[in-house]
2 protein chains.
Amino acid sequence: MGLTRSEIFTDEQNQLSTLLKAIAHPARIAVLQRILISNTCICGDLVEELGLAQATISQHLKELKTAGIIQGTIEGVSVCYCINPKTWKLLEEQLGTFFGSYKGETSCC
Amino acid sequence: MGLTRSEIFTDEQNQLSTLLKAIAHPARIAVLQRILISNTCICGDLVEELGLAQATISQHLKELKTAGIIQGTIEGVSVCYCINPKTWKLLEEQLGTFFGSYKGETSCC
DNA sequence: ATTTTATATCGTAATATTGCGATATAAAAT
DNA sequence: ATTTTATATCGCAATATTACGATATAAAAT
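Sequence order as written defines residue numbering, which begins from 1 separately in each chain. Whichever chain is written first becomes A and whichever ligand is written first becomes 1, with later ones labelled in order. Predicted model: local features are reported for residues with pLDDT of at least 70 only, side-chain atom pairs are reported and counted for 80 or more only, and whole-chain, interface and lining totals are derived from all residues. Values reported for side chains reflect all heavy atoms of the structure, with hydrogen atoms and water molecules removed beforehand.

(A) Here's a closer look at the interface of chain A and chain B. On the chain B side, the residues contacting the 49 residues of chain A number 48 residues. Approximately 4500 Å² of surface area, both sides summed, lies buried where chain A meets chain B, with 70% of it carried by carbon and sulfur atoms. A pair is scored as a salt bridge if a Lys or Arg side-chain nitrogen falls within 4 Å of a carboxyl oxygen belonging to Asp or Glu. Linking chain A with chain B are 0 salt bridges, by the criterion used here. Definition of a polar contact: a pair of N or O atoms within 3.5 Å, with one able to donate and the other able to accept a hydrogen when the atoms are protein atoms, and with sequence-neighbouring residues admitted only if both atoms are side-chain atoms. Counting across the interface, chain A meets chain B through 6 residue pairs in polar contact (both at pLDDT 80 or more). Where the side of chain A that touches chain B is concerned, the elements lending two or more residues are α1 (11-23), α2 (26-38), β1 (70-75), β2 (78-83) and α5 (85-100) of chain A. Residue composition of the side of chain A that touches chain B, grouped by class: 27 nonpolar, 16 polar and 6 charged. Residues count as neighbours in contact if any of their non-hydrogen atoms are within 4.5 Å of one another. Accessible area, probed at 1.4 Å, shrinks when two parts are joined; the buried area is that loss added up over both. For helices the rule is a DSSP run of H or I covering at least 4 residues; for strands it is a run of E covering at least 2, with both sets numbered from the N terminus onward. Note on residue classes: Ala, Val, Leu, Ile, Met, Phe, Trp, Tyr, Cys and Pro are nonpolar, Asp, Glu, Lys and Arg are charged, and everything else, Gly too, is polar.

(B) Structural view of the protein's contact with DNA strand C. In the vicinity of DNA strand C there are 31 residues, among which A:His60, B:Gly2, B:Ile42, B:Gly44 and B:Tyr81 approach most closely. Here, DNA strand C places atoms within 4 Å of the protein, and 69% of those atoms are sugar or phosphate. In the model, a phosphate oxygen of DNA strand C is placed 2.7 Å from a nitrogen or oxygen of the A:His60 side chain. Take B:Ser58: an N or O atom from its side chain is 2.9 Å from a phosphate oxygen of DNA strand C. Proximity is defined per residue: if any heavy atom of the residue lies within 4 Å of a molecule or strand, that residue is considered near it.

(C) Quick look at the packing of α1(A) against helix α2 (residues 26-38) of chain B. Viewed as axis vectors pointing N to C, α1(A) and α2(B) meet at an angle of 115°, and their least axial separation amounts to 8 Å. Handedness of the crossing formed by α1(A) with α2(B): right-handed. Listed contacts from α2(B) to A:Gln13, A:Asn14, A:Leu16, A:Ser17 and A:Leu20 of α1(A) are B:Pro26, B:Ile29, B:Ala30 and B:Gln33. Here the residues of the contact of α1(A) with α2(B) sort into 5 nonpolar, 4 polar and no charged. To define axes, lines are fitted to C-alpha atoms, for helices over the stretch in contact only, and angles between the resulting N-to-C directions are given on a 0 to 180 degree scale. Throughout, a crossing is termed right-handed when the near helix is turned clockwise from the far one, and left-handed when it is turned anticlockwise from it by less than a right angle.

Now the structure itself:
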């Protein structure tokens, strides 16, 4: 026990939860907001701007990258991270479907 | 170490990450989808439908309730859970702002 | 009053996440 | 060739999450 039983859920449910999990951390939200605003991002800036250690930021960037939410290319000494448009749109769509299926306040409780 | 340093992030960033975390699990996504479809929900149904133990489902429902995403009222022997419209709209809005700030594929990498 | 039914809580084991110092890597500048 | 600069990875401790059996609770049926 102690590990999520992915096998009993649909691929869509697992995929959506994986993407949401990648975003569900204040540091990673902050990183994404920063990337979204500047449309460009260098890791070094984040280390100064957020108050986390360089190793920690690097780890959060890796998680976002592994989930496919951001992508990075080496640019000389530094690395340029930006949004992965494909995954971003996919997630936006999935969330749209999810939230769209709410039929308003005809609640029972 | 080992615990999220919430104090260095904004209230909005922390709130959004908390709500996303509550949703970022396939079982809880499945539960929400079930509630959204039927606009009503009883825990017992879920135990049969998903393949998780009763204690586990109850725990997931509690997490969704604690986050304010669902609300429940006792109805005789069973409990009726449904979406909390206030939080649902709040999250939808926050996500709208978040995803809306993406300025398209003028990516650098 | 007792049993049944539906849900919640407790306790616990397995696993995952978070954060960071230390160290590695690798390109650029000297 | 060596040093500097930017980022990644390793190893580890602290904490959180996931799942479930066992047990508690509490209303409904008998």
